[in-house]
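Observations on the three-dimensional arrangement
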Amino acid sequence: MEERDSIIATAPFDDRDKATQLYDSLINGKVGLPAMLDAIAAKDPDKISIRLQSSLDTIAALELLQAPALPYLLPNDYQELPRLTGRATVEFILKRGDESTFTIASGGGPQDIGKIEVILDGYSAPLTAGNFASLVSKGAYDGITLRATEQAVLSDNERSDLGTALPIEIMPAGEFQPLYRTTLNVQDGELPVLPLSVYGAVAMAHSTKSEDFSAPSQFFFYLYDRRSAGLGGLSFDEGQFSVFGYVTKGKELLSQLRTGDIIVSAKLISGADRLIQAGINSG
């Protein structure tokens, strides 16, 4: 409460009115911090949970205003490529290739349509997430069929006229910017900020021409299984792919997907303002 002016001043000038509204709702709002403290004093767990989540959402929105761009510069060779300067959400609408149904975790019986939401992390993989978000915004995945294996569900859409063959992009833990065309050796303790060893990790497939590059458009949902992992529970492929996001809703559908199932549509439902298309300097 003593740092109001300095907190608001960290937002870009054009966003300070919005930052002021967020700050005031956090400090004085009916579901802000004082209301949360009241719920704690009253030992009301339901109100504590609701007001804590509301306060965290407000803080997250304020932090996004404070970080309007990446905290590092991309290499000169990649300045003209699409990039995502923050986080974004993609919603996939799926249907069965054989006209059967999905089982949804929230109940309601068999469903003809399934929904999956993926959070893209442009802070840690700006080029890979940016290329993917750009493709989504152009409808590149609408109508694409899927191909399922034991470890992953891949988009069956690799075409030379879609996307850009990007260098492998991995941000090592403890570093402040990604490495390019470099994989990690997890046996030597090198771990990525965005691990593959998570059920529902989303990554680009490798280019068919070079292991140092990702495919222009083919991505996959990773079906991590600890039972088939290596030492420390890490996937044997950890540190070898450009991971750029995670499934946050609809995870129960991943194990149900089969070869021939279809992405009806993929849409950017938030974060479009963080997508910078090709040809715009990041200065």
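Looking up the chain in an unreviewed UniProt entry gives the name PPIase cyclophilin-type domain-containing protein, with the organism given as Ceratopteris richardii.

The topology assignment puts E238 in the loop between strand 11 (214–222) and strand 12 (243–249). Among residues more than four places away in sequence, those in contact with E238 are L184, V186, P192, P195, L196 and S197.

By the definition in use, this model includes 1 cavity of 30 Å³ or more. Each pocket or cavity is described by its volume, and for the largest cavity that value is around 60 Å³. Tallied by class, the residues present in the lining of the largest cavity amount to 8 nonpolar, 1 polar and 1 charged.

Glancing now at helix 4 (residues 45–66). Compared with the 32 Å implied by 1.5 Å per residue over 22 residues, the 31 Å span of helix 4 between its first and last C-alpha is a close match. Of all the positions in helix 4, only R51, S55, T58, L62 and L65 are classed as buried. When helix 4 is viewed along its axis, its buried side chains cluster within an angular range of 70° and face the same direction. Those residues of helix 4 that are exposed and aimed more than 90 degrees away from the buried face are P45 and D46. The distance from a side-chain oxygen at the start of helix 4 to the backbone nitrogen of D46 is 3.2 Å, and the residue carrying that oxygen is D44.

Another aspect to go through is the layout of surface pockets. Considered as a void within the structure, the second largest pocket measures approximately 210 Å³ in volume. Every residue along the wall of the second largest pocket is listed here: L184, N185, V186, Q187, G230, L231, L234, S235, F236, E238 and Q240. Looking at the lining of the second largest pocket, its residues break down into 5 nonpolar, 5 polar and 1 charged.

What follows deals with the sheet that holds strand 12. One closed barrel accounts for 8 strands, arranged 2-5-12-10-11-7-6-13; its pairing is antiparallel. Neighbour to neighbour, the strand axes of the sheet diverge by 35° on average, direction disregarded. Taken together, the 3 bridges between strand 7 (residues 152–155) and strand 11 define a ladder with antiparallel strand orientation. By the bridge assignment, V153 is partnered in strand 11 with F221.

A few words on the pairing of strand 5 (residues 113–121). Of the strand pairs in this sheet, strand 2 (residues 87–95) and strand 5 are connected by 9 bridges, and their pairing is antiparallel. Paired with E91 across the bridge in strand 5 is E117. As defined by bridge partners, strand 5 adjoins strand 12 across 4 bridges and the pair is classed as antiparallel. Residue pairing for strand 12: V118 is matched across the bridge by V247.

Taken together, the side chains of L52, L56 and I59 define a hydrophobic patch exposed on the protein surface, amounting to about 230 Å² of accessible area. Mapped onto the elements of the fold, I59 is located in helix 4.

Running from amino to carboxyl end, helix 3 (residues 33–41) crosses helix 4 at an angle of 160°, the nearest separation of the two axes being 9 Å. By the angle between their axes, helix 3 is roughly antiparallel relative to helix 4. For the pair helix 3 and helix 4, the crossing hand works out as left-handed. In contact with L33, A35, M36, A39 and I40 of helix 3, helix 4 contributes K47, I48, R51, L52 and S55. For the contact of helix 3 with helix 4, a count of residues per class yields 7 nonpolar, 1 polar and 2 charged.

What counts and what doesn't
Residues numbered from 1 in each chain as written. Predicted model: local features only at pLDDT ≥ 70, side-chain atom pairs only at ≥ 80, totals over all residues. Heavy atoms only, no water. Helix = DSSP H or I, 4+ residues; strand = E, 2+ residues; numbered from the N terminus. Contact = heavy atoms within 4.5 Å. 1 Å grid on protein atoms, 1.4 Å probe; cavity = no way out; pocket = protein on both sides within 12 Å on 5 of 7 lines; lining within 4 Å. Points joined across faces, edges and corners; volume = space filled by probe spheres on them. Nonpolar A, V, L, I, M, F, W, Y, C, P; charged D, E, K, R; others polar. Expected span 1.5 Å × (residues − 1). Buried < 20%, exposed > 50% of the residue type's maximum accessible area, 1.4 Å probe, protein only. Arc of directions from axis to C-beta. Polar contact = N/O pair within 3.5 Å; in protein donor to acceptor, adjacent residues only side chain to side chain. Pairing = 2+ DSSP bridges. Axes fitted to C-alpha atoms, helices over the stretch in contact; angles between N-to-C directions. Patch = residues over 30% accessible without salt bridge, like charges linked within 9 Å, V, L, I, M, F, W, Y side chains within 5 Å. Areas by Shrake-Rupley, 256 points an atom, 1.4 Å probe, with all protein chains shown as cover. Salt bridge = Lys/Arg side-chain N within 4 Å of Asp/Glu carboxyl O. Parallel < 35°, antiparallel > 145°, perpendicular 65-115°, else oblique. Left-handed = near helix turned anticlockwise from the far one by under 90°.

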